[in-house]
Every structure is written in C-alpha cells, then in structure tokens.
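Chain by chain, the residues run as shown.
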Amino acid sequence: MLRRLASESFDVLVIGGGITGVGVALDAASRGLKTALVEADDFASGTSSKSSKLVHGGLRYLQQGDIRLVYQALRERKRLRHNAPHLVKILPFLLPILTKDGLLPRRVARALGTAMWMYDLTGGWRIGKFHKRLKADAAFAHVPTMRREKIAGGYLYYDATVDDARLVLTVARTAAAYGAAVANRCRVTGFEHTDGRVSSVTIDTGAGPITVSAKVIVNATGVWADDVRALEDGVHPDSIRPAKGVHITVPWSMVRNDIAAVIPVPGDKRSLFVVPWGARADGTFDHTYIGTTDTDYTGRLDDPPCTAADIDYVLGAVNAAITTTITPDDVTGVWAGLRPLVKSAERGRTADLSRRHRVTKGPGGVIGISGGKLTTYREMAEDTVDEVGSLLGRKSKSRTRSLLLLGADDFKDGAPGSRESRLADRYGWLQREIDSLIAADPSLGEPLVDGLPYERAEAVYAVRHEMAIELVDVLTRRTRAHLLDRAATVKAAPSVAELLAAELGWDHAETARQVADYNDLVAQEQADAG
Ligand SMILES: Cc1cc2nc3c(=O)[nH]c(=O)nc-3n(C[C@H](O)[C@H](O)[C@H](O)COP(=O)(O)OP(=O)(O)OC[C@H]3O[C@@H](n4cnc5c(N)ncnc54)[C@H](O)[C@@H]3O)c2cc1C
C-alpha cells in the first residue's frame, strides 16, 4: 500500500480512517474513482471505536424535533442491516416507565406512546419490528435488578447494534477490495499547492515522508479536522466543538438485563443506555456496558480521559435504577470518545447540538465532511463523493446503498452464544479463514485473553489481513478485550505480544516495548479514573 501511495496518482485521497473516511473511500472506490486513504494512527482509533455502538435513529432527537435526522438514520439502519447483516444486529430496548410509587400517570403514558409511534413511523417499521407496551411485571423481567416498586410499566422497541471498530475495519477492507490504497500509521503533515489548488500531501509513515498526489483531497478527520485545515490554509478555523462521552463496562451478573434498557439520570434531562454484551448459549451475557455522558470538552484530543467524576455520574444513574450497588472497583473497562459536533451555537448543552453532517469546500479545493453519526456514515459518504465528482467533472451515482460489505454474502445467524455465531458476528463468512489458521496450528484455537471469547488465531489474522501493527490494535480494536476486561488484557499482554512478535518480526526489545506501552495506556486510564 505504501508503495502504491508513493508511486500512483489518485483521483481522491481521503485523510482519516474513522467511519467517515473509510465510508468515503468505499463510496469513491466503488464508483470507479482511483482512491487512497491514509490514517494517522490505527483505523477507528479516534471516535469511531468509542461510540455507544448503536445503529439507531435516536429517540432523543425525536424529542428535540429533529425528525429528518431520525428518518435518515432509520433509513440507513435498514440499509446497514442489509449490507452488513453479520455486523449489524437488531437490539431490543426496554424503556421502563419509572415513577416514585410505581403508578402510571396517564399523561406520561400518552406522551411516551406517541413518541414510540413516531419512532415506528419515522422508520422503525423498516426492519419489520414495532414497539410494544409492557406491563410492569414484563418490564421488570427484562432487568430483574431494577427496583420493582418503581416500575409502572414500559415499552419494548427495537434498534440495532454494531461493533464500531470492526465496522470501520470491514468498510476499509471492502474499499481495498474495490481497489483503494488504504494505509494506517500514515499521518498527513503538509499540503502542496499547484495554481492555488492542493495537488498533493506529505505523509509521515514513521520510516520517512511520502508525497501522495491526488486531484481531490477529502478531510475526514473528525475532531482533528480543524488541525488538518490549519495545515492547509495556515489558519485554525476553530469550527468544531468536541463533546465527550464515556462508557463503563461491568460484569453482566450485576445488572442481569436480557435486552438493552434506557435509564434516567436523576436530576438531569439525560438518560443512559444499559447494553448487554457477549451473549452466551444459556441466555446470559458476559458483560453490560453503560453510557453515555455528553459534556463540553477542551482537553487532549488523543485518548480523552474517562475521569472519576464521569464514572460517578454513570454509576449514580445506574445505582438509582437497580438494587445491586455497583462501585468503581466493579468497573472492568471504560472508554471515552469525542463527538465532532459542528459549532453552530456557542451556548447551550452539547447534547442539544445537531448531529447532522456538513460537506464543505476549502479555498484550496479540499472537501471537508464533519458532524454526523456512525449510523449515517454511508449517506455522509455519498454526499461527499457527489461533491468530489463535481470537482473532478465526473458525476456518477453512489453504489453503496445496497453494496454488501466484506463477509456479508450468504450470512446466516448462528445459534446465539455459539462459537460459530460469535465469530460470524465479527467476520461473516471470512470466519473460514480463522478456522483455516486453527486447522494448520491447533494451538491458535486457544483463548487469547483468559475469560474472554477471543482465540489466538484472531490476533494472527489481525496482523495478516487487518493491518494490525501494534499490540494495542489487537487488544483494543481488532478484538474489544480492552473495553471488556482491561485487567485480563494486562495479564495476557506478554503472551499476545509474543504471538505478534513472530508475525511482525519484533525482537525482544520491541516486544517488551509493546507490552510496556500497553501497560502505560492502562495505567493512564486507571490514573484518569482516580
Ligand atoms: C460517546 C459517543 C457515543 C456515540 N454513539 C454513537 C452511536 O451509538 N451511534 C451512532 O450512530 N453514532 C454515535 N456516535 C457518533 C459517532 O461515533 C461519530 O460520529 C463517528 O465515529 C465519527 O467518525 P469520524 O470518522 O468522523 O471521526 P474519527 O473516528 O475520530 O476519525 C477521524 C480519524 O482521523 C485521523 N486523523 C486525524 N488527523 C490526521 C492526520 N493528520 N492524518 C491522517 N489521519 C488523521 C484520526 O486518527 C482518526 O482516526 C457517538 C459518539 C460518541 C463520542
């Protein structure tokens, strides 16, 4: 890929390997444009591995009256279910109605019922699922740790979930399958102009700079977009208002929710998602994650912290809703991400800023795409590549509305909790390639991290086929072990590093450095959490 970047001339070069950038690369490559994408760190290492992992319309945006956004998102949810059925799964949600005395005020019931119908009508119906009203006992059965006396009833509705980092990777691989040159650990450090227009960029590969020539450049760098624009026109536009959101993971046994649930935050207008993760064959789960927050943020953009105050906020809400008391010591993993919201209002809560996207054109001809959501990435990409086509004078139609992502062909859901279904949910039919690795070396069928359902073959596969280059790539994004149980990953780090060393040709010093870097990351996370 690096050779191609250095030697070929591209129609379009995309900067940023989050969901937005890889989506643009796929849209462009599948229209037949000669496409390249460079990512400074690892694919999805920015916001796109740190979301709530929902492919959803967002009931909250209905409350805010943003019906168009919900409509668009639910239309995209349907398309994503079709294009990536192995990755995007229907997720039932419980919206419990909680009151002090467990009695249901008519006004509340009517308002929520109307919201549910609106959700179905704006697009919920597209996946063939309609909401249902639940009696108090039925609602309680879904989350039996909740305070029964407070439950007045509930609604069951449907959204979808996706492993965000794996979605990004799969879109990137699909773009590569359509001919795009795609590389991680390539940071754009400068722009070169010809006749007032950007004609090439310099990238730092870690082993020296490369110049990549392209007719059109797309800046899809999320919260870093202003920094990249500053490289282009020398002025920092200060157009993005980052909003931080955190999630925490706890053992499922502390919550015992068999579906996702929405819980209120006492004293705040917000609510949190409580989502089970890692289905087992007996109907139980490995973990539950809870989030998210939405606060203004001004600190470091790389690896924003999940602080003790963030954890207290989340635990305060969940402990008010359930009878088991979860303490910070029970938290097995955390993640914090930054929403790249477009600065449309200086005042007001970030939660109220629009999640709509915006395509812009800079003075040197660089196209910017900002805002939006994981759910709407495909439509964002379509709009962006339409603009690329105008600049190139080559208009064409997007092909991604029904374009299957890698691994999707002939996908059928396996038995919940089985090894086959867990692998299929990550790789689709490509799980055969994992099986082939294990057939050649049965030791690769052993667990990668004790207590988590990942196999050693997945680490080898991540290096050979998914451009994993560092230990953290494998533990945090190719697998999600770090988010689920970080203590277990620290224990496993030396043996995983040994496995990767054999693949990547690391010597003893490099292997030790990889383990030390990973341990430092976890230590920083623990320090941030107080
Ligand atoms: C807490 C939280 C929860 C969310 N939950 C949901 C949800 O459930 N559903 C949903 O639909 N949306 C959700 N979102 C929104 C969604 O996650 C984001 O809109 C989306 O991930 C943004 O992707 P992106 O590609 O624009 O940015 P990023 O993923 O941040 O990607 C930008 C990339 O650009 C790279 N980059 C930066 N500078 C350079 C450079 N100089 N050269 C090369 N590369 C560079 C970065 O390394 C980074 O990888 C959530 C967001 C947050 C913060």
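Residues numbered from 1 in each chain as written. Predicted model: local features only at pLDDT ≥ 70, side-chain atom pairs only at ≥ 80, totals over all residues. Heavy atoms only, no water.

Draft legend 1. Focus on the site of the ligand. If you check the shell around the ligand, you find 37 residues, and the closest are T20, E39, S48, L54 and T375. Note that a nitrogen atom of the ligand is positioned 2.9 Å from one of the backbone N or O atoms of S52. Secondary structure elements with two or more residues in the shell around the ligand: α2 (19–30), β8 (187–194), β11 (240–251) and β16 (333–342). For the shell around the ligand, the element with the highest residue contribution is β16, accounting for three residues. Class assignment of the residues belonging to the shell around the ligand gives a composition of 12 nonpolar, 19 polar and six charged. (Near = heavy atom within 4 Å. Polar contact = N/O pair within 3.5 Å; in protein donor to acceptor, adjacent residues only side chain to side chain. Helix = DSSP H or I, 4+ residues; strand = E, 2+ residues; numbered from the N terminus. Nonpolar A, V, L, I, M, F, W, Y, C, P; charged D, E, K, R; others polar.)

Draft legend 2. Looking closely at a nonpolar patch on the surface. A surface patch of nonpolar side chains, about 500 Å² in accessible area, is lined by W117, L121, W125 and F130. Along the polypeptide, L121 turns up in helix α5 (residues 106–122). For L121, a relative accessible area of 62% corresponds to the exposed category. (Patch = residues over 30% accessible without salt bridge, like charges linked within 9 Å, V, L, I, M, F, W, Y side chains within 5 Å. Areas by Shrake-Rupley, 256 points an atom, 1.4 Å probe, with all protein chains shown as cover. Salt bridge = Lys/Arg side-chain N within 4 Å of Asp/Glu carboxyl O. Buried < 20%, exposed > 50% of the residue type's maximum accessible area, 1.4 Å probe, protein only.)

Draft legend 3. Here's a closer look at the packing of aromatic side chains. Under the defined criterion, the tally for this structure stands at eight aromatic pairs. On the basis of an interplanar angle of 80 degrees and a centroid distance of 6.4 Å, the ring pair of W277 and W335 is categorised as edge-to-face. With W277 in strand β13 (residues 271–279) and W335 in strand β16, this residue pair connects regions lying 58 residues apart in the sequence. Linked through ring pairs, F93, Y119, Y157 and F273 together constitute an aromatic cluster. Over the ring of Y158 we find K129, and its NZ or CZ is 5.1 Å from the ring centre. (Phe/Tyr/Trp six-rings, centres within 6.5 Å; stacked < 30°, edge-to-face > 60°. Lys NZ or Arg CZ within 6 Å of the ring centre and 35° of its normal.)

Draft legend 4. Seen up close, the layout of surface pockets. Estimates place the volume of the second largest pocket at around 970 Å³. Surrounding the second largest pocket, 36 residues form its lining, K89, T161, G278, A279 and D425 being those nearest its centre. Take the lining of the second largest pocket: its biggest share by element is five residues, from β13. (1 Å grid on protein atoms, 1.4 Å probe; cavity = no way out; pocket = protein on both sides within 12 Å on 5 of 7 lines; lining within 4 Å. Points joined across faces, edges and corners; volume = space filled by probe spheres on them.)

Draft legend 5. Up close: the packing of helix α16 (residues 486–504) against helix α17 (residues 508–528). One way to put it is that α16 packs onto α17 with a least axis distance of 9 Å and a crossing angle of 160 degrees. One element, α16, and the other, α17, form an angle in the roughly antiparallel class. The two elements α16 and α17 cross, and the hand of that crossing is right-handed. Judged by residue contacts, R486, T489, V490, A493, P494, A497, E498 and A501 of α16 engage T511, V515, Y518, N519, V522, E525 and Q526 from α17. (Axes fitted to C-alpha atoms, helices over the stretch in contact; angles between N-to-C directions. Parallel < 35°, antiparallel > 145°, perpendicular 65-115°, else oblique. Left-handed = near helix turned anticlockwise from the far one by under 90°. Contact = heavy atoms within 4.5 Å.)

Draft legend 6. Expanded view of α5. In a regular helix each residue adds 1.5 Å, so 17 residues correspond to 24 Å; α5 covers 24 Å between its end C-alpha atoms and thus fits that length. Those residues of α5 that sit buried are A109, G113, M116, Y119, D120 and T122. Among the structural elements, α3 (59–63), α4 (67–83), β4 (89–98), β5 (132–134) and β6 (151–161) are those in contact with the buried residues of α5. With its phi angle positive at about 155 degrees, G123 sits one or two positions after the end of α5. (Expected span 1.5 Å × (residues − 1).)

Draft legend 7. Region of interest: unusual backbone geometry. G291 connects to T292 through a cis peptide bond whose omega is 10 degrees. For A44, which is not glycine, the phi dihedral falls at a positive 65 degrees. When you line up the elements, A44 lands in the loop between β2 (35–38) and β3 (54–55). Judged by relative accessible area, which is 1%, A44 ranks as buried. In the Ramachandran plot, K53 falls in the positive-phi region, its phi being about 65 degrees despite a non-glycine side chain. With respect to the element layout, K53 can be found in the loop between β2 and β3. Classification of K53 by relative accessible area gives buried; the value is 2%.

Draft legend 8. Molecular detail of the side chain of T479. Mapped onto the elements, T479 comes out in the loop between α14 (471–478) and α15 (481–484). T479 sits in the buried class, given a relative accessible area of 1%. Separated by 3.4 Å, the side chain of T479 and the backbone nitrogen of A481 make a polar contact.

Draft legend 9. Representation of the pairing of β4 within the structure. For β4, the buried fraction is high: seven of the 10 residues fall into the buried class. With 10 bridges connecting them, β4 and β6 associate as antiparallel partners. Looking across to β6, one finds that L98 is bridged to I151. As defined by bridge partners, β4 adjoins strand β12 (residues 260–264) across two bridges and the pair is classed as parallel. Across the sheet, residue F93 finds its bridge partner in β12, namely A260. (Pairing = 2+ DSSP bridges.)

Draft legend 10. Examining the environment of G283 more closely. Along the chain, the position of G283 falls in the loop between β13 and β14 (285–291). The exposure class of G283 is partly exposed, given its relative accessible area of 42%. Remark: the alpha-carbon pair of G283 and D258, spanning 25 residues in sequence, is separated by 7.4 Å.

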